[in-house]
Amino acid sequence: MDTARESSGASLSIAGLLEFEEIRAAEPAVLAGEAGLDRAIRWVHIADSEHVERFLEGGELVLTTATAFRHSPAAMTEFLDQLERAGAAGTIIELVDENSTHDEEAREIAAAAASARDLPVIVLPRRVKFVRITELAHRSLLAQQISRLEHAREIHETYTQLSLDRAEAQTIVDRTAELLGTAVVLEDVSHRVLAHSGRGSQALVQKWVDLVSGASTTPGGHAPAQWRQTPVGLRSRRWGRLVVPGAAESVADLEQVIERAGEALTLTRMADRDEQDLLLQAQSGLIREITDSEGIDERSARERARSLGFTPAEGAELTPVVVRIDREADTDPTRVQLQERGLTQEITSAASRLNLCLLMTSLQSGVFGFVLGPGRGRNRRSQPSPRGTAEADDRLNRLLAELEGLAASWVVGVGRGSTSLLRAVAGLEPASHVAEVASTLDVRERAFYRSSDVRIRGLLSLLAEDSRLRAFAEGELGPLLGEDRRRNGVLPSTADSADDGLLDFLELYLSHGGNKSAMARAGHLSRPALYTRINRLQDRLGVSLDDAESRTALHVALLWWRMYG
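For every chain, the first residue of its written sequence is number 1, and the numbers climb from 1 along that sequence. In keeping with the predicted nature of the model, local features appear solely for residues at pLDDT of at least 70, side-chain atom pairs appear and are counted solely at 80 or more, and the whole-chain, interface and lining totals rest on all residues. Excluding hydrogens and water, the side-chain figures rest on all heavy atoms present in the structure.

A.B. asks: Would you mind going over the overall build of the protein with me for this structure?
C.D. replies: Runs of E in the DSSP output that reach at least two residues are strands. Runs of H or I that reach at least four are helices, and both are numbered from the N terminus. When helices and strands are counted, the protein shows 22 helices and 13 strands. Between buried and exposed lies partly exposed: a residue is buried under 20% and exposed over 50% of the maximum accessible area for its type, with that area taken using a 1.4 Å probe on protein chains only. When burial is assessed residue by residue, the protein has 44% of its 565 residues classed as buried. For the area figures, the Shrake-Rupley method with a 1.4 Å probe applies, and any residue is considered shielded solely by the protein chains shown. Carbon and sulfur atoms provide 47% of the accessible area of the protein, an area that totals close to 29,400 Å².

A.B. asks: Help me out: how do you make sense of the sheet that holds strand β11 (residues 356–364) in this one?
C.D. replies: Pairing between the strands of a sheet comes from backbone hydrogen bonds, and it takes one of two forms, parallel or antiparallel. With respect to topology, four strands assemble into an open sheet ordered β11-β12-β10-β13, the strand pairing being antiparallel. Looking at which strands have only one partner, the edges of the open sheet turn out to be β11 and β13 (410–414). Shown here is a sheet whose adjacent strand axes are inclined to one another by a mean of 25°, direction ignored. Pairing of strand β10 (residues 319–325) with β13, which is carried by five bridges, proceeds in the antiparallel orientation. Note on β13: the bridge partner recorded for Val321 is Val414. Being paired, for any two strands, means DSSP has found at least two bridges between them. For every element, the axis is a line fit to its C-alpha atoms; helices are fit only across the contacting stretch, and the angle between N-to-C directions ranges from 0 to 180 degrees.

A.B. asks: How should I be thinking about the packing of aromatic side chains in this particular structure?
C.D. replies: Aromatic ring pairs are reported here in terms of the distance separating the ring centres and the angle at which the planes meet. Here a pair means two rings of Phe, Tyr or Trp (six-membered ring of Trp) with centres within 6.5 Å. Their orientation is stacked below 30 degrees between planes, edge-to-face above 60, and tilted elsewhere. Tallied over the full model, the rule gives two aromatic pairs. Pairing Phe69 with Phe79 gives two aromatic rings, centres 4.9 Å apart and planes at 35°, and the pair type is tilted. With a gap of ten residues between them, Phe69 in the loop between β3 (60–64) and α4 (73–86) and Phe79 in helix α4 connect regions that are remote in the sequence. Just as Phe69 is buried, Phe79 falls in that class too. Taking 5.1 Å as the distance between ring centres and 25° as the angle between the ring planes, the aromatic pair formed by Trp208 and Trp227 counts as stacked. Remark: Trp227 occurs in the loop between α9 (208–212) and β8 (228–234) and Trp208 occurs in helix α9; sequence separation between them is 19 residues.

A.B. asks: Looking at this structure, I do not really get the sheet that holds strand β1 (residues 29–32). What am I missing?
C.D. replies: Spatial ordering of the open sheet is given by β1-β5-β4-β3-β2, a layout of five strands whose pairing is mixed. Looking at the sheet topology across the chains shown, the edges are occupied by β1 and β2 (43–47). Looking at each pair of strands side by side, their axes are set apart by 25° on average, direction ignored. In this sheet, β3 lies alongside β2 in parallel orientation, the contact comprising five bridges. Directly across from Ala47, in β3, lies its bridge partner Thr64. We call two residues contacting when some pair of their heavy atoms lies within 4.5 Å. The sheet strands contacting helix α5 (residues 104–114) are β1 and β5 (121–124), and the helix crosses β1 at an angle near 45°.

Shown next, in the form of structure tokens:
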């Protein structure tokens, strides 16, 4: 016997068994099923009767001398039929008479019964000791099982340790590729590659979009439908899948490896989220305490914040920032919550990469804020840089640039920065008002907005619920509001169609500062039509639009009406 085969634990096939010295010496001849000689043997069984089916479970190699039925074509056929029905791997028949001479008649019967079968049928014209064959085969099979157990233990220990070490996704993918000896790719639910490793993985990810869309196949000829894969994430929150493109069937414990890798990735992500959730809760509690209590001083607030990981550089300006996720009235609240959670995680990760520190809090559904500062890990004076607000703006711009490409849409409001943590936290409230106002802008041209960017809109936002402001707006625009409500289906339309659109025309007038040429171009109006509209508007309002105070009052009223009316 080949001792290397015996000790390696490699899968034992019929072809491998025929290489044993005891069988080679008996000059085996294959009567049928030569294409199936590579079948793996699960066990070796010795049979003396053609009624063998009830003793088999599938995958066995059956050894027999066929003494009781070798001269009966019907019995030989029944014997082979039963092997096929039971799913046996094959059979070796020793056809030797009492004088140890080859039984030619029995061989012919066996050949006729085996004809056209896929079942491997091998005859031995010389006597062998079946006990020696079973001993060698079982030793090899046991070595194989021990090897698999050891490999399974290695897999278990590997992924258990990776989970305990809170290994990053790339590390888990690297180790999986090493165990399998092939390319491994981790993608999210949108088929974006999060990590990859192994031989040929770089070439795969370069054309990943074509591969997952079915427009191409892997170098080994495998299509995406044939890829081995496992989902990653809890059943109700799948966030990706681990893919092994073109994995060979012969890869040992393939399914176990990718399943354990998927579990490790899921556990790592869950642990990260749990830790981030707990940290966010603790930081939110500190910000609420600072906001609601007058008993906490700057030193105590700094010490508490430092214990929560907020360690800004000494003397640095701290910036209050509020992020408001865009949403429609019918947007699913769960979707907003998931977007908020994902965005806070991305901001936290980006800040870590940029050596920035955050003190974050959740304000309401779809709205969260944080105090941003530079980390201690760099010398702030080592390189020339802008100071004060300009430096804070640069930090925030770099942070927001890291979020480009995310699916969610949001607006950012910024409050007045301060070297005091207490004043920076107090700046979250005005930053929230700025974000709310900026969310109403038709066109957003800035990465973030300050109160100076939203100007009078910011003031109107602060006074939005004031009934006196509503009365003022309705008093200024009253002659036009019935028309506006009729056009929006609130009131039945009884106005002359020639008066329709005066509220929009007022907005056109005010937005162009009364410049007739600009109004004519923007409104696609002739000069006579323009002057006719202006006269009709002034008659309806009962004021002169040449009066600066009237224009100011109308502009404030119109802005409030568009925002809240």
